[in-house]
Amino acid sequence: MTAYIIRRFLLIIPTLFGIMLINFVVIQAAPGGPVEQVIAQLTGEGSAITERITRVGTGEILQTTAVRESIKSPYRGAQGLDPEFIKELEKRFGFDKPMHERFFQMLRNYLVFDFGESFFRDRKVVDLVLDKMPVSISLGVWTTLLVYLISIPLGIAKAVRDGSRFDVGTSFVLVIGYAIPSFLFAVFLLVIFVGGSYLSWFPLRGLLSEEYLGLGFRGCVSNLACVADYFWHITLPIIAMVLGGFATLTLLTKNYFLDQLQQQYVLTAKAKGLSERRVLYGHVFRNAMLIIVAGFPAAFVGILFTGALFIEIIFSLDGLGLLGFEAIFARDYPLMFGTLYFFSLLGLFMNLVGDFMYTVIDPRIDFEAREA
């Protein structure tokens, strides 16, 4: 196992390099870099996200192709601006150097976890990520735990009662839950329970009320009212995310248990006089839950850093999803590539942890190569 872990660690290096290289080339080739963002702000064109997508600024008709071809500057909208000012912008954002030089300089900094400063926020990337992390951790941790706590018992119950009314009824509910997007259900919860036309039971914005914002983590944990306020704020976002997450895992658990219940060792255990409960949880559970439990680290990372953008927007939660979305549209390269590097590294490491979990759950599994 030690040799396998070493090989996997070494494999992380080229994999991470490939991820960074592909994304760097694609993003650099895309129009609308940080220099053009500054030019757009100065000229008043495309200052909003919708304007950048539609390519319409202050309402005026965009320049024709012939006019654009007459402009020597490679940046759209740079006509009339001092060329020296454009060069200063390029130097500020590092575009005075060749692309390959910028790429390897970025990697050298990232190796020591120096992610630099945001182009447009005047703060270090690490500080920005740490500020947004509580929201994403709250959504990721509680969603993952609830999904597993609901899906595994429900999947086992469906497998044991396969074909019964309980199985058919819960399958119907699961299909409906899977078919409804989480953001659509979030809007429904918002309208019903957050001061819309019906009830006003839950708050709309943030993780805490204003009176608890200055307590910090330790102060809030030691304050029962603050803890209650925290769960009061995250109840609806968590419900919206759990709804679309537990259906797949429930059906996966059921199918794994059904497959194991049909194995010969189950019939042998029952023939020896073991109770159905002991057979189920003493023999079937370990084999059936191998893939599900081993995939927990990867599932946590997936829920933590993906899929929460709409939930954050709907419930006014300033987390990593919204931060990354804004960084992409603002072409904030340090923020984009810094978070990409960190989360890619974390994802690759968690995949390794998932493989290690296989051996923890079932010691018979060995990833070492053996000669026949």
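Bear in mind the structure is a predicted one, so any value in this text is a computation, not a measurement. (Residues numbered from 1 in each chain as written. Predicted model: local features only at pLDDT ≥ 70, side-chain atom pairs only at ≥ 80, totals over all residues. Heavy atoms only, no water.)

**Regarding the overall build of the chain**
Each helix and strand in the chain was counted, giving 18 helices and 0 strands. Within the chain, the proportion of its 372 residues that are buried is 38%. Expressed as a percentage of contacts within the chain between residues at least 6 apart in sequence, the contacts between residues at least 24 apart total 75%. When the accessible surface of the chain is totalled, it reaches about 21400 Å², and 65% of it is carbon and sulfur. (Helix = DSSP H or I, 4+ residues; strand = E, 2+ residues; numbered from the N terminus. Buried < 20%, exposed > 50% of the residue type's maximum accessible area, 1.4 Å probe, protein only. Contact = heavy atoms within 4.5 Å. Areas by Shrake-Rupley, 256 points an atom, 1.4 Å probe, with all protein chains shown as cover.)

**So, the confidence of the model for the chain**
Summary statistics for the chain give a mean pLDDT of 78 and a share of 81% for residues scoring 70 or more. By mean pLDDT, the top-scoring element of the chain is helix 6 (residues 99-111) (89), and the lowest-scoring one is helix 4 (residues 65-69) (41). Below pLDDT 50 for its whole length, residues 47-71 participates in 25 contacts with residues either more than four positions away or in separate chains. (pLDDT = per-residue confidence, 0-100.)

**Considering helix 1 (residues 2-29)**
With 28 residues, helix 1 should cover 40 Å at 1.5 Å per step; its first-to-last C-alpha distance of 41 Å lies within 8% of that length. Within helix 1, the full set of buried residues consists of Tyr4, Arg8, Ile12, Leu16, Met20, Phe24, Ile27 and Gln28. (Expected span 1.5 Å × (residues − 1).)

**Quick look at a nonpolar patch on the surface**
On the surface, a cluster of nonpolar side chains totalling about 390 Å² of accessible area is made up of Phe17, Leu21, Val25, Met99 and Phe104. Those elements that provide at least two residues to the nonpolar patch are helix 1 and helix 6. Inspection of the secondary structure puts Phe104 in helix 6. Residue classification places Phe104 among the partly exposed residues on the basis of a relative accessible area of 40%. (Patch = residues over 30% accessible without salt bridge, like charges linked within 9 Å, V, L, I, M, F, W, Y side chains within 5 Å. Salt bridge = Lys/Arg side-chain N within 4 Å of Asp/Glu carboxyl O.)

**Observations concerning the environment of Gly32**
Relative to the helices and strands, Gly32 is located in the loop between helix 1 and helix 2 (34-43). We classify Gly32 as buried; its relative accessible area is 7%. Separated by 299 residues in sequence, Gly32 and Arg331 place their C-alpha atoms 7.3 Å apart. When neighbours within four sequence positions are excluded, Gly32 is seen to be in contact with Gln37 and Arg331.

**Notes on helix 9 (residues 182-193)**
With 12 residues, helix 9 should cover 16 Å at 1.5 Å per step; its first-to-last C-alpha distance of 16 Å lies within 8% of that length. The complete set of buried residues in helix 9 reads Phe185, Ala186, Leu189 and Ile192. Down the axis of helix 9, the sector holding all buried residues measures 130°, keeping them to one side. One or two steps after helix 9, the chain reaches Gly195, where phi turns positive at roughly 70°. (Arc of directions from axis to C-beta.)

**Re the pattern of salt bridges**
Enumeration over the complete set of coordinates arrives at 6 salt bridges. The shortest N-O distance in the salt bridge between Asp131 and Arg123 comes to 2.5 Å. In this structure, the salt-bridge partner of Asp167 is Lys254, at a minimum N-O distance of 3.0 Å. Note that Asp167 is positioned in helix 8 (residues 165-179) and Lys254 in helix 11 (residues 224-261), a separation of 87 residues in sequence. Just as Asp167 is buried, Lys254 falls in that class too. Because the salt bridges share partners, they merge into one network encompassing Lys158, Asp162, Asp167 and Lys254.

**Comments concerning the packing of aromatic side chains**
What describes a pair of aromatic rings is the distance from one ring centre to the other and the angle between the planes of the rings. On inspection of all chains with the given rule, the structure shows 21 aromatic pairs. A ring pair is formed by Phe9 and Phe349, whose centres lie 6.4 Å apart and whose planes are at 40°; its orientation type is tilted. Taken as a pair, Phe9 in helix 1 and Phe349 in helix 18 (residues 333-361) lie far apart in primary sequence, 340 residues in all. Look at Tyr110 and Phe115: their rings are 5.1 Å apart centre to centre, the planes differ by 55°, and that puts the pair in the tilted class. Here Tyr110 and Phe115 have matching classes, each one buried. Put simply, the rings of Phe17, Phe24, Phe103, Phe104, Phe119, Phe120, Tyr333 and Phe337 touch in pairs and so form one group of aromatic residues. (Phe/Tyr/Trp six-rings, centres within 6.5 Å; stacked < 30°, edge-to-face > 60°.)

**Observations regarding the nonpolar core**
Membership of the largest hydrophobic core comes to 45 residues, with the highest contact counts inside it found for Leu139, Phe246, Phe257, Val284 and Phe315. Contributing elements (two or more residues each) for this core: helix 7 (125-160), helix 9, helix 11, helix 12 (264-271), helix 13 (276-288) and helix 16 (309-314). Here the element with the most residues in this core is helix 11; it accounts for 14 residues. For Phe315, the contacting residues outside a window of four places in its chain are Ala186, Leu190, Leu204, Arg205, Gly206, Leu236 and Pro237. Listed in part, the 31 residues of the second largest apolar core include Ile27, Leu89, Met336 and Leu348. (Core = buried A, V, L, I, M, F, W, Y, C linked by side-chain atoms within 4.5 Å.)

**Brief notes about the packing of helix 12 against helix 13**
For any two helices packed against each other, one specifies the inter-axial angle together with the distance between the axes. Contact geometry of helix 12 with helix 13 gives a least axis separation of 11 Å together with a crossing angle of 165°. Comparing the axis directions of helix 12 and helix 13 gives the class roughly antiparallel. Considering how the two elements wind past one another, helix 12 and helix 13 form a crossing that is right-handed. Contacts from Tyr265, Val266, Ala269 and Lys270 of helix 12 reach helix 13 at Val279, His283, Val284 and Asn287. Residue composition of the contact of helix 12 with helix 13, grouped by class: 5 nonpolar, 2 polar and 1 charged. (Axes fitted to C-alpha atoms, helices over the stretch in contact; angles between N-to-C directions. Parallel < 35°, antiparallel > 145°, perpendicular 65-115°, else oblique. Left-handed = near helix turned anticlockwise from the far one by under 90°. Nonpolar A, V, L, I, M, F, W, Y, C, P; charged D, E, K, R; others polar.)

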